[in-house]
Amino acid sequence: STETEIRVGNILAGSSGPVPVNGSSDAVPRNGYSGALSQGGKQILPSEKEANSGPALELRTSKEKLSAVLKEKQEKMMASGSSKVMLAFREKLPAYKTKAEFLKAVAINQVVVVSGETGCGKTTQLPQFILEEEIACLRAADCNIICTQPRRISAISVSARIAAERGESIGETVGYQIRLEAKRSAQTRLLFCTTGVLLRQLVQDPNLTGVSHLLVDEIHERGMNEDFLLIILRDLLPRRRDLRLVLMSATINADMFSKYFGNAPTIHIPGFTFPVEEFFLEDVLEKTHYPIVSEFERRQSEQNKDPLTALFEEVDINSHYKKYSKSTRQSLEAWSTTKLDLGLVEAGLEYICRHEIDGAILIFLTGWDDITKLLDKIKGNCLLGNSSKFRVLPLHGSMPTINQREIFERPPSNMRKIVLATNIAESSITIDDVVYVIDCGKAKETSYDALNKLACLLPSWISKASAHQRRGRAGRVQPGVCYRLYPKLVYDAMPQYQLPEILRTPLQELCLQIKSLQLGTVASFLAKALQPPDPLSVQNAIELLKTIGALDDVEELTPLGRHLCTLPVDPNIGKMLLIGSIFQCLDPALTIASALAHRDPFVLPINRKEEADAAKRSFAGDCCSDHIALLKAFESWKDAKRNGRDRAFCWENFLSPVTLQMMDDMRNQFLDLLTNIGFVDKTKSRKEYNHYSDDLEMVSAMLCAGLYPNVVQCKRRGKRTALYTKEVGKVDIHPASVNAVVHLFPLPYMVYSEKVKTTSIYIRDSTNISDYALLLFGGSLLPSKTGEGIEMLGGYLHFSSSKSVLDLIKKLRSELDKLLQRK
Ligand code: CDP
Ligand code: MG
């Protein structure tokens, strides 16, 4: 028949009824697949009793009317000229050939797993097939299709694309909903939303009442939200026999998901891509003559070598790379940096622009800072000459919006498109005209060390599956070329798949969600995951939530915890925002939270480090605080922007304009979130929430509330201060901190944003705080074992005060609790 491969379960068993597939055997067939099942399956129409009574009849006729209207509209649309052009495009997609099989599988199975190469049309076509079918069969009134996306920008871009394919505007039958933003209407039958939005929807409606089809996209990425949603859905399916679930995955690992859902049938869409020639680092070096002798970076990274790099160093380069020139072999030998060598990316880019014919270039970088650096360089005409010949576009998951047209459209013939992307362009977003891919081989990956309670977001080597995806991006419309900036030997040693996010991330946000969805104890719930996380990680997360006061002793949500559940940010950042709005230092809270959630706007130029450090210190003034330096830098940037001299300001002060802009957007999002939950009233003047915004002691106290239990004790040792933490003992201040040059700190404690382990354990971005801030805003207070004073952090911090001071502090804290309860 067609090219479709059906691997598990015989979905073509005929129209006699549901196919007994393990785990979904008593699924209620959805009402009729193009007539094939309309007799066999149960009718999902009003029961006889309802049908005879007046109002139900009315309801039925109004539903029928709606269905008829939508059908008529769809038929008209299909007949139009523009829709025919679109249809011609759609029919060429590999997914189109599987349309009949797919619809039939969905009609008779509760769960279907679909896999296929990126770009084959899963996301844009499969939900659309269901939509068209439901409308054509006059079932539109009862049809409510939801398709989840891991990222905001793909939800927007895909719904826009489908609306265009259907010749509609977005928000008619196809819409989207992402955090704080939606385009949908009463007509909307197919809704794209982020996985996070669906999870929050589940809080209100645990049965997903009214949803007829749910498609979960990009499950191969093994994101935490998707893994979490799958546990919930597996429990929900027996209660919602009429709900249809489609799981969509890019790579071949579909069997695992099928097994998880009781051997659900799998449809594989065979894809085609043009051949892509591939070059590894050794070939790139031959071509570009780029010397890698960055001794500085080499020395920096030596202590912290990752296994893949170390493996490469054990190889005898001369015997392995005989056919390459001497300079290439020398460069390979010097190649040992665990950091991304941006110079190498630049050399590759220059090479393509100079020697290769037209065609868009897609560059995979590790994250926002590489993207920004490269973007600033090209736009500043420092790299490829006159930048007006290039359309340079950043593409990053946390960008609030993307410019649809620019990303997907072909640029004018005198311009070359260059997209600087993170791994988001691996599978969620397909840019058709890409001919050249530059793959740095790394991606920022969170990792979590449960024993030391260390969480890091560091660039690390990607998996073979990702490398394969990246290469494939070059062959969408014609044969392409992929430049891999790492040796073949490293590729060979890469793991097949990346570890799922749930196994390498701190779990506190997830735990809060589990609690707010009332899914029982966290540990027993998470044990049901596709790959359950380490019990120690679960325990750490629960402990942290208790420490910051989000959960009580019996693991129930406190008032603070309930507010934190409604804020889709890290609980610590959420707490900072809440405290900032209650204590009227809202603007500083928004600014600092946005930098913590996004990234630091200070750039670190390797050769001008001293000037950069001095600029940062000048923002901090007398405060021993990176957070206040950042706050002041942001405020000065806003002033400079009002005067139209923000570019120069950023250049002079070593700040990234792109990051500052992103922070500004994020601040607005946070403000909307706080408004949504009633902590900010936008009709009131901003001043009302900022009475203490210039009071830096107050701002430090707010920081303490947000960053606790990230606290170290400052102990005087002669002419210096030594820093100690509860978990790991002595720590150092990160060299990039304004506090790195301070010998003696005026106040006895320090809060910090992050602890990182390289040559020693460093605390990044720190603020010196008073004991009062800690007593008032730190986590839970325990009476000291000796009976005098208070203990915090399990006895690590001890405050001896008189009983009256102690009582006063307790009173003040209970007032704060009341404030939270009242909201
Ligand atoms: O989900 P999957 O990776 O299988 O493919 P898709 O996202 O449905 O994309 C199918 C085709 O539609 C690709 O060739 C895309 O380039 C194209 N597309 C587009 O032109 N504009 C969009 N906004 C989304 C997809
Ligand atoms: Mg897709």
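Here is what the cut-offs are and how they apply
Residues numbered from 1 in each chain as written. Chains lettered and ligands numbered in written order. Predicted model: local features only at pLDDT ≥ 70, side-chain atom pairs only at ≥ 80, totals over all residues. Near = placed C-beta within 6 Å. Helix = DSSP H or I, 4+ residues; strand = E, 2+ residues; numbered from the N terminus. Nonpolar A, V, L, I, M, F, W, Y, C, P; charged D, E, K, R; others polar. Pairing = 2+ DSSP bridges. Axes fitted to C-alpha atoms, helices over the stretch in contact; angles between N-to-C directions. Contact = placed C-beta atoms within 7 Å. Left-handed = near helix turned anticlockwise from the far one by under 90°. Expected span 1.5 Å × (residues − 1). Buried ≥ 20, exposed ≤ 12 C-beta atoms within 10 Å, placed from the backbone. Core = buried A, V, L, I, M, F, W, Y, C linked by C-beta atoms within 7 Å. Parallel < 35°, antiparallel > 145°, perpendicular 65-115°, else oblique.

S.K.: An account of the site of ligand 1 is requested, with residue identities and associated values reported.
M.R.: Near ligand 1 you find 16 residues, and of these Lys122, Thr123, Thr124, Arg161 and Thr430 are the closest. Secondary structure elements with two or more residues in the shell around ligand 1: helix H6 (122-136) and helix H7 (152-165). Residue composition of the shell around ligand 1, by class: four nonpolar, nine polar and three charged.

S.K.: Can you tell me about the sheet that holds strand E11 (residues 360-364), naming the residues and giving the values?
M.R.: With respect to topology, six strands assemble into an open sheet ordered E10-E17-E14-E11-E13-E12, the strand pairing being parallel. Edge positions in the open sheet fall to strand E10 (276-279) and strand E12 (390-395), since each of these has one partner strand only. Ignoring which end each strand starts from, the neighbouring axes of this sheet average 15° apart. For E12 and strand E13 (residues 416-421), the ladder comprises six bridges, and the chain directions are parallel. Bridging from a neighbouring strand, Leu393 pairs with Val419 of E13. Contacts from helix H20 (residues 464-472) reach E10, E11, strand E14 (434-439) and strand E17 (480-484), with the element oriented near 145° to E14.

S.K.: If you had to explain the packing of helix H26 (residues 571-582) against helix H32 (residues 696-707) to someone new, which residues and values would you point to?
M.R.: Interhelical geometry of H26 versus H32 gives an angle of 145° and a closest axis separation of 7 Å. In terms of crossing hand, the pair formed by H26 and H32 is right-handed. Residue-level inspection shows Asn572, Ile573, Lys575, Met576, Ile579 and Gly580 of H26 in contact with H32, the latter providing Met702, Ala705, Gly706 and Leu707. For the contact of H26 with H32, a count of residues per class yields six nonpolar, three polar and one charged.

S.K.: So what about H26? Which residues, and what values?
M.R.: Compared with an ideal rise of 1.5 Å per residue, which puts 12 residues at 16 Å, H26 spans 16 Å between its outermost C-alpha atoms and is within 8% of the ideal. Among the 12 residues in H26, 11 count as buried, and that is most of the element. Regarding H26, the residues found buried are Pro571, Asn572, Ile573, Gly574, Lys575, Met576, Leu577, Leu578, Ile579, Gly580 and Ser581. Gln584, located one to two residues past H26, shows a positive phi value of around 55°.

S.K.: Please provide a residue-by-residue account of the sheet that holds strand E24 (residues 790-792), values included.
M.R.: Backbone-to-backbone hydrogen bonds pair the strands of a sheet. The strands run either parallel or antiparallel. Taking strand neighbours across the sheet as the criterion, the three strands line up as E23-E24-E25 in an open arrangement whose pairing is antiparallel. Where the open sheet ends on each side, the last strands, each with one partner, are strand E23 (782-783) and strand E25 (797-799). For E24 and E25, the ladder comprises three bridges, and the chain directions are antiparallel. Among the inter-strand pairings, Glu791 is bridged to a residue of E25, identified as His798.

S.K.: Describe the pairing of E13, and please don't skip the residues or the numbers.
M.R.: The buried fraction of E13 amounts to five of the six residues, a majority that puts the element mostly inside the structure. Relative to E13, E11 runs parallel, the two being bridged by four bridges. Bridge pairing in E13 links Ile361 to Ile418.

S.K.: Quick one: what's the story with helix H25 (residues 559-566), residue by residue and with numbers?
M.R.: Of all the positions in H25, only Leu560, Gly561, His563, Leu564 and Cys565 are classed as buried. Looking at the buried residues of H25, the elements they touch are helix H22 (508-516), helix H24 (535-547), H26 and helix H34 (803-822).

S.K.: Please give an account of the nonpolar core that cites residues and values.
M.R.: One finds Ile363, Leu420, Ile438, Met702, Cys704, Met750 and Val751 to be the most contacted residues of the largest nonpolar core, which totals 209 residues. Of all the elements, helix H31 (residues 657-676) adds the most residues to this core, at eight residues. Setting aside chain neighbours within four positions, we find Met702 in contact with Met576, Ile579, Gly580, Phe583, Cys585, Pro588 and Ala589.

S.K.: Outline the environment of Ile135, listing residues and values.
M.R.: Residue position: Ile135 is located in helix H6. C-alpha separation for the pair Ile135 and Glu181, spaced 46 residues apart in sequence, amounts to 26 Å. Not counting the four nearest positions on each side in its chain, Ile135 is found in contact with Leu70, Lys71, Gln74 and Ala140.

S.K.: Kindly report on the packing of helix H27 (residues 586-597) against helix H29 (residues 626-642), identifying the contributing residues and their values.
M.R.: The N-to-C vectors of H27 and H29 enclose an angle of 105°; their axes lie 10 Å apart at closest approach. Between H27 and H29, the angle is such that the two are roughly perpendicular. On H29, the residues touching Pro588, Thr591, Ile592 and Ala595 of H27 are His627, Leu630, Leu631 and Phe634. Classifying every residue of the contact of H27 with H29 by side-chain character gives six nonpolar, two polar and no charged.

S.K.: Quick rundown of unusual backbone geometry? Include the residues and the values.
M.R.: The peptide bond linking Tyr708 to Pro709 adopts the cis configuration, its omega dihedral lying at 5°. A positive phi angle, close to 70°, is found at Glu555, a residue other than glycine. Following the sequence through the fold, Glu555 ends up in the loop between H24 and H25. The phi dihedral of Phe654 falls on the positive side, at around 55°, and the residue is not glycine. Mapped onto the secondary structure, Phe654 falls in the loop between helix H30 (646-653) and H31. Here Phe654 falls in the buried class, since 20 other C-beta atoms lie within 10 Å of it.

No statement about biological role is implied by the geometric values presented.
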